[in-house]
Amino acid sequence: MARGEHHRIHASDRQQRNRLRVAQEAARLMSEHGIRDFHRAKLKAAERLGILDEQALPRNQEIEQALREHQRLFQASSQPRLLQERREAAVEAMRFLARFEPRLVGAVLDGTADAHSAVCLHVFSDDPDAVPRHLHEHGVPFEMQTRRLRTSREEQAEFPVLLFAADALPFDLTVLPHNALRQAPLNRIDEKPMRRAALAAVEELLAEGDGMDELERMLANATRRA
């Protein structure tokens with residue numbers, strides 16, 4: 001083998017090892033420190049490891065895979081319980097918000113939720129005051145923010161976000177117009193439409209367990225129902 005070819009293969013192997021190291025460190029930071037932004041987690045991980053090569057930064061999917069592995073290895077006794085608690089809370093919240101056709105999104109749906117995870121729901125109304133009014137009428141104190149979401153690869157928009165706590169669990173409601181039921185915003189991980197699940201799908205997920213094959217099947221059903 002020519003020296004140049006050997007050097008190229010060696011450099012490629014080193015880059016792959018560094019990608020794995022950054023992904024694993026980013027997953028640890030997300031799991032132990034509650035960082036929820038993949039880009040921030042990977043940059044912080046690379047900085048901590050002294051890896052400056054941008055080609056060694058993993059894709060978001062690689063970090064998500066590393067996060068699942070980290071939870072399997074280090075949180076096998078606690079993470080499933082925390083996930084179950086949040087899915088049960090999601091069902092109760094979705095029943096409470098039924099008039100707004102809620103959809104579960106994020107870590108509680110995909111199975112990576114932990115002690116830092118909020119129950120994230122999309123709710124739908126063409127009246128931006130309807131959801132805050134509903135919470136106020138039922139005595140639920142909340143904080144209002146805005147969130148920028150990608151509605152397509154070319155477009156972004158800001159939407160109201162309502163934050164509150166119930167039974168010591170954080171909830172995060174993004175209020176979308178009713179026509180957004182037809183097309184979910186893009187996922188920050190793979191830039192595909194977010195996976196979302198209606199109440200019936202979440203209830204089924206709770207009843208059947210969360211093995212990955214079963215989860216994939218239920219999320220496919222959830223997408224069709226959403």
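Residues numbered from 1 in each chain as written. Predicted model: local features only at pLDDT ≥ 70, side-chain atom pairs only at ≥ 80, totals over all residues. Heavy atoms only, no water.

Caption draft 1: Region of the structure containing the pairing of strand β2 (residues 119-124). Taking burial as the measure, the six residues of β2 include five buried ones, the bulk of the element. Two elements, β2 and strand β5 (residues 169-176), share six bridges in a ladder whose sense is parallel. Paired with V123 across the bridge in β5 is V175. (Buried < 20%, exposed > 50% of the residue type's maximum accessible area, 1.4 Å probe, protein only. Helix = DSSP H or I, 4+ residues; strand = E, 2+ residues; numbered from the N terminus. Pairing = 2+ DSSP bridges.)

Caption draft 2: Representation of the side chain of S125 in the model. Mapping S125 onto the fold places it in the loop between β2 and α6 (130-137). For S125, the side chain forms a polar contact with the main-chain oxygen of D127, separated by 3.0 Å. Sequence-distant contacts of S125, that is, excluding residues within four places in its chain, are made with F100, A130, V131, L176, P177 and H178. (Polar contact = N/O pair within 3.5 Å; in protein donor to acceptor, adjacent residues only side chain to side chain. Contact = heavy atoms within 4.5 Å.)

Caption draft 3: Quick look at the environment of I51. Mapped onto the fold, I51 is located in the loop between α2 (38-49) and α3 (60-74). Distance in space between the C-alpha atoms of I51 and R21 is 9.4 Å, their sequence separation being 30 residues. Here I51 is in contact with N18, R21, V22, A46 and A56, once residues within four sequence places are set aside.

Caption draft 4: Looking closely at the nonpolar core. Core analysis: the biggest nonpolar cluster contains 30 residues, and L104, L121 and L173 have the highest contact counts within it. If you list the elements that add at least two residues to this core, you get α4 (79-96), α5 (107-110), β2, α6, β4 (156-166), β5 and α7 (199-208). Sort the elements by how many residues they give to this core and α4 lands first, with six residues. Here L121 is in contact with A93, M94, L97, R103, L104, V105, D172, L173 and T174, once residues within four sequence places are set aside. With 18 residues, the next largest nonpolar core counts A26, A45, I51 and I189 among its residues. (Core = buried A, V, L, I, M, F, W, Y, C linked by side-chain atoms within 4.5 Å.)

Caption draft 5: Structural context of α4. The terminal C-alpha atoms of α4, which comprises 18 residues, lie 26 Å apart, in line with the 26 Å expected from a rise of 1.5 Å per residue. By the burial criterion, the buried members of α4 are Q79, L82, L83, R86, R87, A89, A90, V91, A93 and M94. (Expected span 1.5 Å × (residues − 1).)

Caption draft 6: Fine view of the packing of α4 against α7. Close contact between α4 and α7 brings their axes to 10 Å; oriented N to C, the two are set at 150°. Compared by their axis directions, α4 and α7 come out roughly antiparallel. Crossing handedness for the pair α4 and α7: left-handed. Of the residues in α7, those in contact with Q84, R87, E88, V91, M94 and R95 of α4 are L199, V202, E203, L205 and L206. A per-class count over the contact of α4 with α7 returns six nonpolar, one polar and four charged. (Axes fitted to C-alpha atoms, helices over the stretch in contact; angles between N-to-C directions. Parallel < 35°, antiparallel > 145°, perpendicular 65-115°, else oblique. Left-handed = near helix turned anticlockwise from the far one by under 90°. Nonpolar A, V, L, I, M, F, W, Y, C, P; charged D, E, K, R; others polar.)

Caption draft 7: Spatial organisation of the environment of F164. By secondary structure assignment, the location of F164 is in strand β4. F164 gets classed as buried once you look at its relative accessible area, which sits at 10%. Note: C-alpha distance between F164 and V140 (24 residues apart in sequence) is 7.5 Å. Sequence-distant contacts of F164, defined by excluding residues within four places in its chain, comprise L135, V140, P141, F142, L169, P170, F171 and L173.

Caption draft 8: Region of the structure containing α6. For α6, the set of buried residues is A130, V131, P132, H134 and L135. Note on α6: the residue one or two positions beyond its end, G139, has a positive phi of about 70°.

Caption draft 9: Focus on the packing of aromatic side chains. In the structure shown here, the tally under the stated rule is one aromatic pair. Ring plane angle 5° and centroid distance 5.1 Å describe the contact between F164 and F171, whose orientation is recorded as stacked. Across the pair, exposure class does not vary: F164 and F171 are buried alike. (Phe/Tyr/Trp six-rings, centres within 6.5 Å; stacked < 30°, edge-to-face > 60°.)

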